[in-house]
Every structure is written in C-alpha cells, then in structure tokens.
Amino acid sequence: MEQKELRDLLRQVSEGSLSVEDAMLKLKLAPYEELGFAKVDNHRGLRQGAAEVIYGAGKTPRQIHDIAASMRQTGEKAILITRMTREAAQVVGEDLPLSYHEMGHIGIVGEMPAPTGKGTIVVATGGTSDMPVAEEAALTAEVLGNHVTRLYDVGVAGLHRT
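Residues numbered from 1 in each chain as written. Predicted model: local features only at pLDDT ≥ 70, side-chain atom pairs only at ≥ 80, totals over all residues. Heavy atoms only, no water.

Asks: Looking at this model, I keep getting lost on the environment of E136. Mind explaining?
Replies: As for its position among the elements, E136 is in helix α6 (residues 131–143). Spatially, the C-alpha atom of E136 lies 6.4 Å from that of I106, the residues being 30 residues apart in sequence. The contacts of E136, once residues within four sequence positions are left out, are T82, R83, G104 and I106. (Helix = DSSP H or I, 4+ residues; strand = E, 2+ residues; numbered from the N terminus. Contact = heavy atoms within 4.5 Å.)

Shown next, in the form of structure tokens:
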C-alpha cells in the first residue's frame with residue numbers, strides 16, 4: 001500500500017465512509033500479494049527503508065517477471081534483481097523497463113535512484129575474477145541510494161611474476 005492509499009484510507013475512516021474494522025482488514029491484507037509461487041512483501045520498504053530484492057537464482061524467468069510486475073504495480077521505482085540470467089532479462093525486459101548488467105548478473109527494473117547516502121562506498125577487487133561479485137555489490141549499493149567508487153583489478157601479481 002502506497003502512502004497516498006494509506007492517507008486515503010485514513011481519510012475515509014475519519015469521514016466515516018469506512019469502518020475501523022474494514023480499514024483494519026485492508027491494512028492486514030495490503031502488505032503481501034500472493035502470486036501462487038511467491039508472496040510479495042509490499043510493505044518491506046515502509047518497515048525496513050528498502051524494498052524487497054528479487055533473488056533470481058532458482059526462479060523461472062516468468063516468475064521473476066511476475067514478481068517485478070507486482071512490485072511495479074505497488075509503486076516501487078527501482079527493483080533490484082540479483083543472480084539474473086540473460087534469458088530472464090529478456091523475458092522481464094519485454095514489457096518492464098529493465099536495465100541488465102551482465103557482469104554482475106543484476107537487473108534493475110525502473111530508474112536508478114539519485115544517491116542519498118553520506119560518503120562513498122568503495123568496492124575494490126584484487127583481480128579480474130572478482131569483478132562479477134564486486135559489480136553485484138556496487139550495483140546493490142547504488143540501488144540503495146549510495147555513492148560508489150569502483151576499483152577493479154588493483155591486486156599485485158607478486159614478485160614471482162616480475
């Protein structure tokens with residue numbers, strides 16, 4: 001339930017056009033949407049300050065799509081999908097505004113938020129094989145509103161290689 005819907009609900013109770021019991025029932029049912037294969041937590045952003053993240057591993061492309069579509073319908077502006085395959089990205093991107101970041105296996109439905117955090121998070125890797133996990137971490141931090149500086153492949157190969 002979005003803040004506007006919550007205000008409307010409270011206004012209806014205040015005006016007497018909705019009973020307290022009916023409002024309580026709506027609030028009780030609002031936090032979750034049952035999709036049959038998943039229960040989407042639509043109130044996590046209100047409770048935790050960050051929306052639910054879709055963990056793509058083990059889900060079909062259609063399941064990922066349907067969860068993201070459900071979240072979009074409830075007003076989520078940036079939906080993070082981790083461990084996303086290219087196949088899933090193709091399905092989700094058919095009718096949702098998806099940007100897919102292949103290196104980190106991350107999909108972002110919607111717009112990347114402007115940074116709101118204080119300071120900068122540095123994500124660094126010693127070698128190139130660490131870059132996919134580092135990119136997943138960097139994009140996750142950015143979706144959560146943080147400034148991120150990437151420092152990739154900064155390791156020293158060792159004296160034996162010189």
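Asks: Looking at this structure, how should I read helix α1 (residues 3–15)?
Replies: An α-helical turn contains 3.6 residues, so any two residues separated by three or four positions project in the same direction. The end-to-end C-alpha distance of α1 is 18 Å, a good match for the 18 Å that 13 residues give at a rise of 1.5 Å each. One or two residues past the end of α1 sits G16, with phi positive at roughly 85°. (Expected span 1.5 Å × (residues − 1).)

Asks: Is there a simple way to explain the nonpolar core in this structure?
Replies: Where a protein is soluble and globular, its nonpolar side chains tend to be buried together. If you look at the biggest cluster of nonpolar residues, it comprises 16 residues, and the most contacted ones within it are I54, I64, I81, M84, V92 and V109. At the level of secondary structure, the elements contributing two or more residues to this core comprise α4 (61–73), β4 (78–82) and α5 (86–92). A total of 5 residues in this core trace back to one element, the largest contributor, which is α4. Other than its neighbours up to four places away in sequence, V92 contacts P61, I64, H65, I81, M84, L98 and V109. Within the second largest apolar cluster, 7 residues are counted, among which are A134, A138, V148 and Y152. (Core = buried A, V, L, I, M, F, W, Y, C linked by side-chain atoms within 4.5 Å. Buried < 20%, exposed > 50% of the residue type's maximum accessible area, 1.4 Å probe, protein only.)

Asks: Got a minute to help me understand the sheet that holds β4 in this structure?
Replies: Whenever strands of a sheet pair, they do so through backbone hydrogen bonds, lying parallel or antiparallel. On the basis of which strands lie adjacent, the open sheet formed by 4 strands has the order β3-β4-β6-β5 and mixed pairing. Lying at the two open borders of the sheet, with one neighbouring strand each, are β3 (54–55) and β5 (98–101). Relative to strand β6 (residues 106–110), β4 is paired through 4 bridges, and the arrangement is antiparallel. Paired with A78 across the strands is G110, a residue of β6. Set on the sheet, α6 makes contact with β4, β5 and β6; between it and β6 the angle comes to about 20°. (Pairing = 2+ DSSP bridges. Axes fitted to C-alpha atoms, helices over the stretch in contact; angles between N-to-C directions.)

Asks: When you look at the side chain of D41 in this model, what are you seeing that I'm missing?
Replies: Of note, D41 is situated in strand β2 (residues 39–41). When its relative accessible area of 7% is taken as the criterion, D41 is described as buried. With near-sequence residues (within four places) excluded, D41 lies in contact with P31, Y32, R47 and E52.

Asks: Can you walk me through a nonpolar patch on the surface in this structure?
Replies: A surface patch of nonpolar side chains, amounting to about 230 Å² of accessible area, comprises L6, L10 and L27. Here L10 is to be found in helix α1. (Patch = residues over 30% accessible without salt bridge, like charges linked within 9 Å, V, L, I, M, F, W, Y side chains within 5 Å. Areas by Shrake-Rupley, 256 points an atom, 1.4 Å probe, with all protein chains shown as cover. Salt bridge = Lys/Arg side-chain N within 4 Å of Asp/Glu carboxyl O.)

Asks: Is there a simple way to think about the environment of L151 in this case?
Replies: Mapped onto the fold, L151 is located in strand β8 (residues 147–151). Among the residues examined, L151 registers a relative accessible area of 39% and is labelled partly exposed. Along the primary structure L151 and L18 are separated by 133 residues, whereas in three dimensions their C-alpha atoms are 56 Å apart. Residues in contact with L151, not counting those within four places in the same chain, are V122, V123, A124 and T125.

Asks: I'm lost on the pattern of salt bridges in this one. Help?
Replies: By the definition in use, this model includes 6 salt bridges. Across the pair R86 and E102 runs a salt bridge whose closest N-O atoms are separated by 2.6 Å. Of this pair, R86 sits in helix α5 while E102 is found in the loop between β5 and β6, placing the two residues 16 residues apart along the sequence. In this structure R86 comes out as partly exposed when scored by relative accessible area, which is 42%. Between R150 and E135 there is a salt bridge, and its shortest N-O distance comes to 2.9 Å. Here R150, found in strand β8, pairs with E135, found in helix α6; they are 15 residues apart in sequence, far enough to count as distant. Through salt bridges that share partners, E135, E142 and R150 make up one connected network.

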